[in-house]
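Geometric and topological summary
Each chain, letter by letter, is given below.
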Amino acid sequence: MYSVRVTSRSDIEPIGISGAKSHLRAYGDHEDVLIQNIYIPTARQYCEDRTNRQFVTATLELSLDGFPPGCQPILVPRAPLRSVSSIVYQGSDGTETTMPTSDYIVDTQHEPGRIFPAAGKSWPATKHRNAAATVLVEFESGYGEAWEVPSGLCSAMLLLIGHYYYHREAVVVGTISSELAMSVDALLEQYSYGDEFTDYGANL
């Protein structure tokens, strides 16, 4: 199995308060805190999770129960992958070891990003696969700065922000109606990159 978490990210959102208020035609500042601290990050989180992407560049940690079998690649969630900082694993004797960068190759062009053993190398032996967090991969993903996030993703965020703002009593924040879902999903679908992760955890 695997899990991923953000360890460091910018506080700047792809949609700023002024852009959100312009879309909402909201005047005054009495609801700025609600829009900026609740609706914008909730919309961004939904879109990131739906597309398995990281919008503004951040540092993340991928936790694996073990290396993939054979020479299969490590699939790195939260595209687009920019770089891999380190791979730390617990050897078969329980010793924590940082894998030399010369022992693996990082493919940032493919989505999702992939990490392969270098030519003539193989994944090292680790502790029993039932041992949690046997392999930790620290990496950087994202489009760069907030203004570099694709317009389609920002448009999906604006639709959600508008929905949360104007239907605050009708729905629970974080859920969307079926009609809106079709519009949002139509925008997000073009940024989805397949079902590589469907059986990924089962293969580790």
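Refer to the preceding data block for the structure.
Before going into details, it helps to say that this report is about the structure given with it.

Rules and cut-offs
Residues numbered from 1 in each chain as written. Predicted model: local features only at pLDDT ≥ 70, side-chain atom pairs only at ≥ 80, totals over all residues. Heavy atoms only, no water. Disulfide = S-S within 2.5 Å. Salt bridge = Lys/Arg side-chain N within 4 Å of Asp/Glu carboxyl O. Helix = DSSP H or I, 4+ residues; strand = E, 2+ residues; numbered from the N terminus. Buried < 20%, exposed > 50% of the residue type's maximum accessible area, 1.4 Å probe, protein only. Phe/Tyr/Trp six-rings, centres within 6.5 Å; stacked < 30°, edge-to-face > 60°. Pairing = 2+ DSSP bridges. Axes fitted to C-alpha atoms, helices over the stretch in contact; angles between N-to-C directions.

**Looking at the state of the cysteines**
- Taken as a whole, this structure holds zero disulfides when the rule is applied.
- Free of any disulfide, Cys-47 has its nearest cysteine sulfur in Cys-154, 9.1 Å distant.

**So, the pattern of salt bridges**
- Taken as a whole and assessed by the stated rule, the structure comprises eleven salt bridges.
- The salt bridge partner of Glu-61 is Arg-5, with a shortest N-O separation of 3.2 Å. In this pair, Glu-61 sits in strand 2 (residues 58–64) while Arg-5 sits in strand 1 (residues 2–9), placing the two residues 56 residues apart along the sequence.
- Here Arg-5 falls in the partly exposed class, since its relative accessible area comes to 47%.
- Between Asp-107 and Arg-114 there is a salt bridge, and its shortest N-O distance comes to 2.8 Å.
- Classification of Asp-107 as buried rests on a relative accessible area of 18%.
- The class of Arg-114 is partly exposed, set by a relative accessible area of 24%.
- Each of Glu-13, Arg-44 and Glu-48 takes part in a single network of salt bridges with overlapping partners.

**What about the packing of aromatic side chains?**
- Evaluation of the coordinates by the stated rule reveals five aromatic pairs.
- An angle of 65° between the planes, with centres 5.7 Å apart, marks the rings of Phe-67 and Tyr-89 as edge-to-face. Of this pair, Phe-67 sits in the loop between strand 2 and strand 3 (74–76) while Tyr-89 sits in strand 4 (residues 81–90); the two residues are 22 residues apart in sequence, bridging distant segments of the chain. The two residues Phe-67 and Tyr-89 agree in class, both being buried.
- Here the aromatic rings of Tyr-165 and Tyr-166 are separated by 4.8 Å at their centres, their planes lie at 85°, and the arrangement is edge-to-face.
- Classification of Tyr-166 by relative accessible area gives exposed; the value is 51%.
- Every member of this aromatic cluster is reached through a ring pair, and the members are Tyr-39, Tyr-164, Tyr-165 and Tyr-166.

**A word on the sheet that holds strand 3**
- Spatially, the three strands line up as an open sheet ordered 3-7-6, and their pairing is antiparallel. Both outer strands of the open sheet, strand 3 and strand 6 (104–107), are each paired with one neighbouring strand and no more. Averaged over all adjacent pairs, the angle separating strand axes in this sheet is 20°, with direction ignored.
- Here strand 3 runs beside strand 7 (residues 113–117); their pairing, made up of three bridges, is antiparallel. Residue pairing in the sheet places Val-76 in a bridge with Gly-113 of strand 7.

**Considerations on unusual backbone geometry**
- In this chain, Ala-79 is followed by Pro-80 through a cis amide linkage whose omega measures -5°.
- Examined against the element boundaries, Pro-80 turns out to sit in the loop between strand 3 and strand 4.
- Following Glu-111, the chain continues into Pro-112 via a peptide bond in cis, with omega recorded as 0°.
- By secondary structure assignment, the location of Pro-112 is in the loop between strand 6 and strand 7.
- Unusually for a residue other than glycine, Arg-25 sits at a positive phi of about 55°.
- Checked against the element boundaries, Arg-25 lands in the loop between helix 1 (17–24) and helix 2 (32–51).
- Of note in this structure, Arg-78 is not a glycine but carries a positive phi near 65°.
- Relative to the helices and strands, Arg-78 is located in the loop between strand 3 and strand 4.

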